[in-house]
Each structure stands twice: as structure tokens, then as C-alpha cells.
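# Residue-level structural notes
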Amino acid sequence: MKDELKNLNDYLFKLNFKFKIISAKHIPEIEQEIKQLYIEKKITKTIYRYVSKYYQFNIPKNVLNERYIIIVAIPQKTSIVNFKIEGKKFDFIIPPTYIYKANQDRIYKILLNIFKDSKKINYAHTPKKLIAVRSGLSKYGRNNISYVEGMGSFNRLESYYIDFPLNIDNWDEESIMEECRKCSLCLNACPNNCIRENEFVIKADHCLTYYNENLNDFPDWVDVKSHNSLVGCMVCQNVCPINKKYKKNKEKILSFSEKESEIIIQGLEKNILPLNLNKKLKSINMDEYLPVLSRNIRVLM
Ligand code: SF4
Ligand code: SF4
């Protein structure tokens, strides 16, 4: 067991990734913790339903013996994609966390290489932010985003079930960043007043991210000038002093031709998109947001 853990540590350290391990016995606690937010009216019924549908709280059958969750933090840049619309060029931001698949699969392969049995490793569709904070891998910011030392909030979390006698359980109380106690920059900057003064759970039903990731119309009270990213929102992360160093890491990753931009704006469904365009969107995981891209681009133009 020691060798496997050392190997995992070595592999992930080389990549600048960080990780922690918890026992999967905490899954019911995690589920209850989210329910409690709803009971205490910190999140609305709609948000509670939304997250309950999104996460899986049943442990997969193949990892039923020695059950652990490995949670990994991956440093992420702000990505920029270029569109050409009606002869003009537009750079749109994709915040950290949205582009994930390559690293998600890469870590799975590393685990497979170390633990040698694909039947005992599974992707875990769990509330990663909560697990990361409870495991000590990260701390909450006032904006309810997960901050990892050496990455700030510019990180992506991935989690995996593993059936292996690891005998480790990093499980503690949630912690918040000390810096937040005397800071309210994100609270003042949030365009939708989502961030609370004495509470680290934001009004998720007001967050721009919730609206621009979903297909419903933007409510009238959303200021059209507040839109800032192709999906998601960078305002509270960009003003945060903890991110000063990390927010400079921006990368132009992809350009869409005039024709491709036009097709995306038309809002065509995935199954009738040209194969190459579909592939291109998939390479940055934006195929998952195809139904909202057209609307989101229009409000950014
Ligand atoms: S802006 Fe200030 S209060 Fe908000 S997360 Fe960053 S340090 Fe905390
Ligand atoms: S992501 Fe944007 S809308 Fe949501 S809390 Fe942060 S600043 Fe506010």
C-alpha cells in the first residue's frame, strides 16, 4: 500500500497536482450536508433539486469493499476562445474548471497504472468542492469557491472511487480562508449580489453561472453588462487578492472560423453539427454547453 501511495504522490507531484483521500463512508454525510443547506434555507428548492440530480450518492457496485475517494486538484488557466462574427473578432473567456476531460482521463490512467485494476476504480460524480474542503485539500472563499494552496481558485477538482485498502481518511470540519474574514471585495463586486456577509454559502439561485449554464431566459434583473464569460462568471475570482498571481495565467486555446462561429450562433443541435466543429467543441468540453452557447455569445457581443 505504501508503494502505491508513494507512486501516486510522485506522479501527481510532477504534474503540480495535489490530492487527498477520504473514506467513502462519508458519502451519506455529504448528501445530508447538502440537504441541510436546503432545510436551513441557505439554498432554494430549485437549487437543491438541481444539485441532487447532478450528483450521484450511490457508491458504484465495483468498489464495494475497501471504499475510498481520491480527490485531486489540478491547476487551471483562464482560457480564451476566438470567434469571428460578421467580420469582427471576439475573444471570449472560458473560466477555469470548464475544460476538464483530458486531465480527468489522464488521472484515471495514472490510477489504473498504479492500482492495476480497472474494475476497482471509478469516476466519482460527487460534490467535489465539499469533499475537497472536508479533506483539507482546499478551503472555501467567501464566494463559496474552493481555494487550493498554490493554485488559488484557478483549479479543477476531480474525484475517483477506489477499492483498495488505503487506510486513510482525511476528514475534518469545513474551513474558510482566513483572508476572507477582513475582506469583502468579492461581495462588493458580484453583479448579482449573491455573496453574503456572514455566510459562506452564496445565493446560488442568483449566480450568473446558474443562469448562463442553463437554457432558461435570463431574468430581467440580470444586468446585460454583467455577462463576462462564454459560460460561468469570473467577477468574484478576478477581484480576489488570493488570485492575484494565478489570474495572469491566460491562454488563447482555439479560434472558430466565421463559418463555424455562424453555425454555433445558429444554435444547431449536436447531431447535425459538422463533424469537425463537434470535435473542436468537444476538445474544450463546450459540446456540453452547446444549447446555451448561441444565447451566451449574443449577450457578450
Ligand atoms: S475576495 Fe476577499 S472575501 Fe472574497 S474570497 Fe477572496 S479573500 Fe475571500
Ligand atoms: S460567479 Fe459571478 S454572479 Fe456568481 S457569485 Fe461570483 S461574481 Fe457573483
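See the structure shown above.
Summary of the structure given here. The structure displayed is predicted, hence computed values, not measured ones.

Bringing the site of ligand 2 into the picture now. In the vicinity of ligand 2, the contacting residues are Cys190, Pro191, Cys194, Ile195, Ile202, Cys207, Leu208, Thr209, Cys233, Val235 and Cys236. Elements supplying a minimum of two residues to the shell around ligand 2: helix H7 (208–212) and helix H8 (235–238). Classifying every residue of the shell around ligand 2 by side-chain character gives ten nonpolar, one polar and no charged.

A separate point is the packing of helix H1 (residues 2–14) against helix H4 (residues 101–115). Between H1 and H4, the shortest axis-to-axis distance is 10 Å and the interhelical angle comes to 150°. It follows from the interaxial angle that H1 and H4 lie roughly antiparallel. Of the two possible hands of crossing, H1 and H4 adopt the one that is right-handed. For the pair formed by H1 and H4, the contact residues are Glu4, Asn7, Leu8, Tyr11 and Leu12 on the first element and Ile110, Leu111, Asn113, Ile114 and Phe115 on the second. Broken down by class, the residue content of the contact of H1 with H4 amounts to seven nonpolar, two polar and one charged.

As a further point, take the pairing of strand S2 (residues 67–75). Within S2, seven of the nine residues are buried, which leaves it mostly tucked inside the rest of the structure. Of the strand pairs in this sheet, strand S1 (residues 18–23) and S2 are connected by six bridges, and their pairing is antiparallel. Its bridge partner being in S2, Lys20 is matched across the sheet by Ile71. Bridge analysis of S2 against strand S8 (residues 155–163) gives nine bridges, and the strand direction is antiparallel. In the sheet register, Pro75 faces S8, and the bridge partner there is Asn155.

With that out of the way, let us pick up the site of ligand 1. Around ligand 1 lies a shell formed by Gly141, Arg142, Asn143, Tyr147, Cys180, Cys183, Leu185, Cys186, Cys240 and Pro241. A class-by-class count of the residues in the shell around ligand 1 yields seven nonpolar, two polar and one charged.

Where helix H9 (residues 258–266) contacts helix H10 (residues 275–283), the axes come no closer than 11 Å and their chain directions differ by 80°. With respect to H10, the axis of H9 lies roughly perpendicular. Contacts from Glu260, Ile263 and Ile264 of H9 reach H10 at Leu277, Lys280 and Leu281. Residues of the contact of H9 with H10, tallied by class, amount to four nonpolar, no polar and two charged.

What counts and how
- Residues numbered from 1 in each chain as written.
- Chains lettered and ligands numbered in written order.
- Predicted model: local features only at pLDDT ≥ 70, side-chain atom pairs only at ≥ 80, totals over all residues.
- Heavy atoms only, no water.
- Near = heavy atom within 4 Å.
- Helix = DSSP H or I, 4+ residues; strand = E, 2+ residues; numbered from the N terminus.
- Nonpolar A, V, L, I, M, F, W, Y, C, P; charged D, E, K, R; others polar.
- Axes fitted to C-alpha atoms, helices over the stretch in contact; angles between N-to-C directions.
- Parallel < 35°, antiparallel > 145°, perpendicular 65-115°, else oblique.
- Left-handed = near helix turned anticlockwise from the far one by under 90°.
- Contact = heavy atoms within 4.5 Å.
- Buried < 20%, exposed > 50% of the residue type's maximum accessible area, 1.4 Å probe, protein only.
- Pairing = 2+ DSSP bridges.

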